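Spelled out, the chains give:
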Amino acid sequence: MTTTDNAPASGDTPSEFGLQFELTPSSTARDDAEREVILSDPGFGKHFTDHMVTIDWSLDAGWHDASVHPYGPLQLDPSASVLHYAQEIFEGLKAYRHADGSVWSFRPDANARRLQRSARRLALPELSTDDFVESIRQIVRADLDWVPSAPETSLYLRPFMIATEAFLGVRAAQEVAYHVIASPAGAYFTGGVSPVSIWLTTNYARAGKGGTGAAKTGGNYASSLLPQQEAYENGCQQVLFLDSSESNYIEELGGMNVVLVKKDGTLVTPDSDSILEGITRDSILELAEARGHRVERRRVTIDEWRDGVAGGDIVEVFACGTAAVVVPIAELKGEGIHIGSPAAEGGELTMSLRAELTDIQYGRRPDVHGWMTRLDA
Ligand code: PLP
Ligand code: COI
């Protein structure tokens, strides 16, 4: 075993120098030829790299035993709280290869802060921003050759935290593990950036007032699976949720935020404390504001969407998230409602904001916002 570099951390780390990661290289790493076959058509979430990160936490010792080790099954006690009470949170971000071969991530500090907010809601321990970013750097350095270079591909990084304590009483676990796994990724939707159809569920809600909607926790996704299945059955790629109390206000999709574009160039997006604060959405809105567009974060009714499209006041709608990036929404379908048309093309503003964002992420445009963090050096 060797200890990898870990520069002294600053800022909000609990310890003066941050965690030290111990590296155990995989003895069964795929060879170049095997890896290239996977990278030539990675899909989304199907293949995993040779290594993973683990950091343990206990109430007594805090965060300890940080390591990079071969990717493989976890050993969990069958009574581990995560398996019974879903005490779990996760993140999603990407590593992008630039034309000069360097590898970068996009606003990892924002993912770190969101993981901290999720941890607070799920009564899990907070990992410092420095240790989070270092964990990302460690896995990317161990699996650098897994960062693809073809256009629109990336290495999707999935940090997650689970309650591992073997205990069936219902209280916050006193033993927890944090892991990072990595998966080479192409487009999230099989159609790439082709406009998608969305199913409006009126039977199910994703999250309620005071619930866990704003946290990135597995339970929110578990509750979205049945309506997501309904979406597939109706020829749609994603499901749209309305607020749970009045079934009147737009919330978000199963795994993405929604933005409406008005004829006058105003971007409107739901404000709600039960949706995930998307980092992609936040960034897109900042880019739009910098171009002089007005941005409104407020409650949006489903009638406003329908009447706006019918009357020509809403001219584009798009979904956005790390996995999907920015994807135009062609139509919204549901029981007794149909907005837009399956043949609708991606809007001009949608596509140009998408291009600006991906140009920054892939290093094709200067990073004037200071959003990019280099991972390989
Ligand atoms: N909403 C949900 C439910 C999500 O799962 C995601 C994806 O992470 C988003 C929104 C978009 O968030 P971000 O842009 O940070 O990936
Ligand atoms: C992401 O975009 O990172 C998500 O977690 C959402 C999911 C659709 C993969």
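Only a predicted model underlies this, so the values are computations on that prediction, with no experimental measurement involved. (Residues numbered from 1 in each chain as written. Chains lettered and ligands numbered in written order. Predicted model: local features only at pLDDT ≥ 70, side-chain atom pairs only at ≥ 80, totals over all residues. Heavy atoms only, no water.)

Chemist: Looking at this structure, how should I read the overall build of the protein chain?
Modeler: Broken down by element type, the protein chain carries nine helices and 19 strands. Its C-alpha atoms give the protein chain a radius of gyration of 21 Å, within 12% of the compact-globule value 21 Å for 377 residues. With the C-alpha coordinates aligned to their principal axes, the bounding extent of the protein chain is approximately 65 × 50 × 40 Å. Here the protein chain holds 377 residues, and the buried ones make up 54% of them. The long-range fraction of contacts in the protein chain, counting pairs at least 24 apart against all pairs at least 6 apart in sequence, stands at 69%. Of the accessible surface of the protein chain, which amounts to about 16,500 Å², a share of 49% is contributed by carbon and sulfur atoms. The averaged location of the 54 negative side-chain charges in the protein chain is 5 Å from the averaged location of its 32 positive side-chain charges. (Helix = DSSP H or I, 4+ residues; strand = E, 2+ residues; numbered from the N terminus. Rg over C-alpha atoms; globule rule 2.2 N^0.38 Å. Buried < 20%, exposed > 50% of the residue type's maximum accessible area, 1.4 Å probe, protein only. Contact = heavy atoms within 4.5 Å. Areas by Shrake-Rupley, 256 points an atom, 1.4 Å probe, with all protein chains shown as cover. Lys, Arg positive; Asp, Glu negative; His and termini not counted. Charge placed at Lys NZ, Arg CZ, Asp CG, Glu CD.)

Chemist: Could you clarify how one ought to interpret the environment of Tyr178 in this entry?
Modeler: Along the chain, the position of Tyr178 falls in strand β9 (residues 175-185). If near-sequence neighbours (up to four positions away) are discounted, Tyr178 is found in contact with Val53, Thr54, Ile55, Trp63, Leu115, Leu127, Phe132, Ser135, Pro159, Phe160 and Met161. At 2.8 Å, the side chain of Tyr178 forms a polar contact with the side chain of Ser135. (Polar contact = N/O pair within 3.5 Å; in protein donor to acceptor, adjacent residues only side chain to side chain.)

Chemist: In this structure, what is going on with the pairing of strand β4 (residues 62-70)? I would like to understand it.
Modeler: Within a regular strand, side chains alternate between the sheet's two faces. Relative to β4, strand β2 (residues 21-23) runs parallel, the two being bridged by three bridges. Residue pairing for β4: Phe21 is matched across the bridge by Ala66. As paired elements, strand β3 (residues 51-58) and β4 share seven bridges and run antiparallel to each other. Bridging from a neighbouring strand, Ser58 pairs with Gly62 of β4. Taking the residues that link successive antiparallel strands as the turn, the β3-β4 hairpin has three residues. (Pairing = 2+ DSSP bridges.)

Chemist: Which parts of the structure should I look at to understand the pattern of salt bridges?
Modeler: Overall, the coordinates contain 21 salt bridges when judged by the stated rule. Arg114 is paired through a salt bridge with Glu91; the nearest N and O atoms lie 2.8 Å apart. A residue pair is termed long-range when its members are at least 10 positions apart, and Arg114 in helix α3 (residues 108-121) and Glu91 in the loop between β5 (88-90) and β6 (93-97) qualify at 23 residues. For the salt bridge of Glu134 with Arg137, the shortest nitrogen-to-oxygen distance reads 3.6 Å. (Salt bridge = Lys/Arg side-chain N within 4 Å of Asp/Glu carboxyl O.)

Chemist: Could you clarify how one ought to interpret the nonpolar core in this entry?
Modeler: Within soluble globular proteins, side chains that are nonpolar tend to cluster in buried spots. Ile55, Trp63, Phe132, Leu157, Met161 and Tyr178 are the most contacted members of the largest nonpolar core, which totals 37 residues. Top contributing element to this core by residue count: helix α4 (residues 129-142), with five residues. If we ignore the near neighbours within four places in the chain, the residues touching Leu157 are Glu91, Gly92, Leu93, Lys94, Ala95, Ile136, Ile139, Val140, Ile181 and Ala182. Core analysis: the next-biggest nonpolar cluster, separate from the first, contains 24 residues, Val196, Leu240, Ile314 and Ile329 among them. (Core = buried A, V, L, I, M, F, W, Y, C linked by side-chain atoms within 4.5 Å.)

Chemist: Would you mind going over the UniProt feature "modified residue: N6-(pyridoxal phosphate)lysine" (unreviewed entry) in the protein chain with me for this structure?
Modeler: Under the UniProt annotation, "modified residue: N6-(pyridoxal phosphate)lysine" (unreviewed entry) lies at Lys216. Examined against the element boundaries, Lys216 turns out to sit in the loop between β10 (196-200) and α5 (218-222). (UniProt positions renumbered as here; feature names shortened; annotations may be inferred.)

Chemist: Could you clarify how one ought to interpret the site of ligand 1 in this entry?
Modeler: Of all residues adjacent to ligand 1, which total 17 residues, the nearest are Lys216, Tyr221, Glu252, Thr280 and Thr322. A distance of 2.6 Å is found between a nitrogen atom of ligand 1 and a side-chain nitrogen or oxygen belonging to Glu252. Look at ligand 1: alone it shows 380 Å² of surface, and the protein chains cover 96% of it. Only β12 (250-253), α7 (279-290) and β16 (314-321) provide two or more residues apiece to the shell around ligand 1. (Near = heavy atom within 4 Å.)

Chemist: How do you make sense of unusual backbone geometry when you look at a structure like this?
Modeler: Negative phi characterises most residues that are not glycine, and trans characterises most peptide bonds. Phi is positive for Ala123, close to 55°, though the residue is something other than glycine. As for its position among the elements, Ala123 is in the loop between α3 and α4. Taking relative accessible area as the criterion, Ala123 reaches 43% and is therefore assigned partly exposed.

Chemist: What is the right way to read the packing of α7 against helix α9 (residues 348-361) from this model?
Modeler: Two numbers describe a pair of packed helices, the interaxial angle and the distance between the axes. It is at 10 Å that the axes of α7 and α9 come closest, and there the two elements cross at 110°. Here α9 runs roughly perpendicular to α7, going by the angle between their axes. Of α9, the residues touching α7 (which contributes Thr280, Ser283, Ile284, Leu287 and Ala288) are Leu353, Arg354, Glu356, Leu357 and Ile360. Counted by class, the contact of α7 with α9 contains six nonpolar, two polar and two charged residues. (Axes fitted to C-alpha atoms, helices over the stretch in contact; angles between N-to-C directions. Parallel < 35°, antiparallel > 145°, perpendicular 65-115°, else oblique. Nonpolar A, V, L, I, M, F, W, Y, C, P; charged D, E, K, R; others polar.)

Chemist: What's the story with the packing of aromatic side chains in this structure? I'm lost.
Modeler: Aromatic ring pairs are described here by two measures, namely the spacing of the ring centres and the angle between the planes. In the structure shown here, the tally under the stated rule is eight aromatic pairs. For the pair Tyr96 and Tyr362, a centre-to-centre distance of 5.1 Å together with 80° between the ring planes defines the contact as edge-to-face. Here Tyr362 lies in the loop between α9 and β19 (372-374) and Tyr96 lies in strand β6, a separation of 266 residues in the sequence. The same class applies to Tyr96 and to Tyr362, which are both buried. Ring geometry for Phe106 and Trp371: centres 5.4 Å apart, planes at 75°, overall edge-to-face. Of this pair, Phe106 sits in strand β7 (residues 103-106) while Trp371 sits in the loop between α9 and β19, and the two are 265 residues apart along the sequence. (Phe/Tyr/Trp six-rings, centres within 6.5 Å; stacked < 30°, edge-to-face > 60°.)

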